[in-house]
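Here is what each chain is made of, one letter per residue.
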Amino acid sequence: MSALERPVSAFGRAVRRLGHARWFAACTPLLVPADRLVARLTRGRVVALGVVPSLLITTTGRRSGRPRSNPLLYVPDGDAFVVTGSNWGRPEQPAWALNLLAEPNATVTVDGNRIPVRARPVTGAERERLWGLLVAEWPAYRTYVRRAGGRDIRVFRLERRPSPPG
């Protein structure tokens with residue numbers, strides 16, 4: 001059963017409510033490294049403590065050229081994954097989103113499966129449709145838009161690409 005098919009637990013509902021709180025967003029710099037570690041130790045089977053549908057994205061650092069991994073909430077769109085650069089409502093863009101703009105080829109790990117993807121920023125009506133899916137999964141995204149102070153919160157559609165041979 002995938003993360004999206006699991007019913008939302010009482011804990012999950014509580015976390016979704018807490019997502020709006022400023023202190024919750026302020027704690028994320030402490031939580032994200034721990035989440036990254038849990039995701040690595042479980043080979044991507046547990047991300048975000050299994051509370052929301054999450055993946056581990058590995059991008060190429062735009063300055064370093066090194067792999068950079070980050071846990072992200074996602075929603076499915078057909079066989080693609082939709083993510084947003086909300087950065088918990090902070091005024092700056094998240095590094096992973098800037099990395100995708102510089103190099104759109106990435107890898108996601110979902111339920112323990114590594115999947116090569118190509119990121120495509122979405123705009124217009126498609127962005128509005130996908131934003132609605134994201135907000136339905138994590139209502140606090142609306143709060144993050146207000147907190148971001150007018151920053152463009154990007155939405156990406158991560159489309160599967162063929163696995164490299166070998």
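As a reminder, the structure under discussion sits directly above these lines.
The rules behind these values
Residue numbering note: each chain is counted from 1, following its sequence as written. Per-residue local features of the predicted model are confined to residues with pLDDT of at least 70, and side-chain atom pairs are confined, for both listing and counting, to 80 or more; whole-chain, interface and lining totals are unaffected and use all residues. Excluding hydrogens and water, the side-chain figures rest on all heavy atoms present in the structure. What is meant by a nonpolar core is a set of buried Ala, Val, Leu, Ile, Met, Phe, Trp, Tyr and Cys residues, joined one to another through side-chain atoms within 4.5 Å. When accessible area is computed with a 1.4 Å probe and restricted to protein chains, residues below 20% of their type maximum are described as buried, those above 50% as exposed, and intermediate ones as partly exposed. To qualify as a helix, a DSSP run of H or I must reach at least 4 residues; to qualify as a strand, a run of E must reach at least 2; elements of each kind are numbered from the N terminus. Residue contacts are defined here by distance: any two heavy atoms, one from each residue, within 4.5 Å place the two residues in contact. Paired strands, in this sense, are two strands between which DSSP finds at least two bridges. What counts as an axis is a line fitted to C-alpha atoms, over the stretch in contact for a helix, and the angles between N-to-C directions run from 0 to 180 degrees.

## Quick notes on the nonpolar core
With 17 residues, the main nonpolar core has Leu55, Phe81, Val108 and Leu158 as its most contacted residues. Looking at this core, the elements that each hand over two or more residues are β1 (54-60), β4 (80-84), α3 (95-102), β5 (105-110), β6 (113-121) and β7 (155-160). With near-sequence residues (within four places) excluded, leucine 158 lies in contact with Ile57, Ala80, Phe81, Val83, Leu100, Val108, Val117, Arg118 and Ala119. Counting residues in hydrophobic clusters, the runner-up holds 16 residues, among them Leu73, Val82, Leu134 and Tyr141.

## Observations concerning the sheet that holds β6
Pairing in this open sheet of 7 strands is antiparallel, and the strands run β2-β1-β5-β6-β7-β4-β3 from one edge to the other. At either end of the open sheet lies a strand with only one pairing partner, and these are β2 (67-73) and β3 (75-77). Geometrically, the sheet is characterised by an average inter-axis angle of 35 degrees between neighbouring strands, direction not taken into account. Alignment of β4 against β7, held across 4 bridges, turns out to be antiparallel. Bridging across to β7, valine 82 finds its partner in arginine 157. Contacts between helix α4 (residues 124-137) and the sheet are confined to β2, β3, β4, β6 and β7, with β3 contributing the most and set at about 145 degrees to the helix.

## What about the side chain of threonine 107?
Along the polypeptide, threonine 107 turns up in strand β5. With relative accessibility at 16%, the residue threonine 107 sits in the buried group. Those residues in contact with threonine 107 that lie beyond four places of it in its chain are Leu56, Ile57, Thr58, Arg114, Ile115, Pro116 and Val117.

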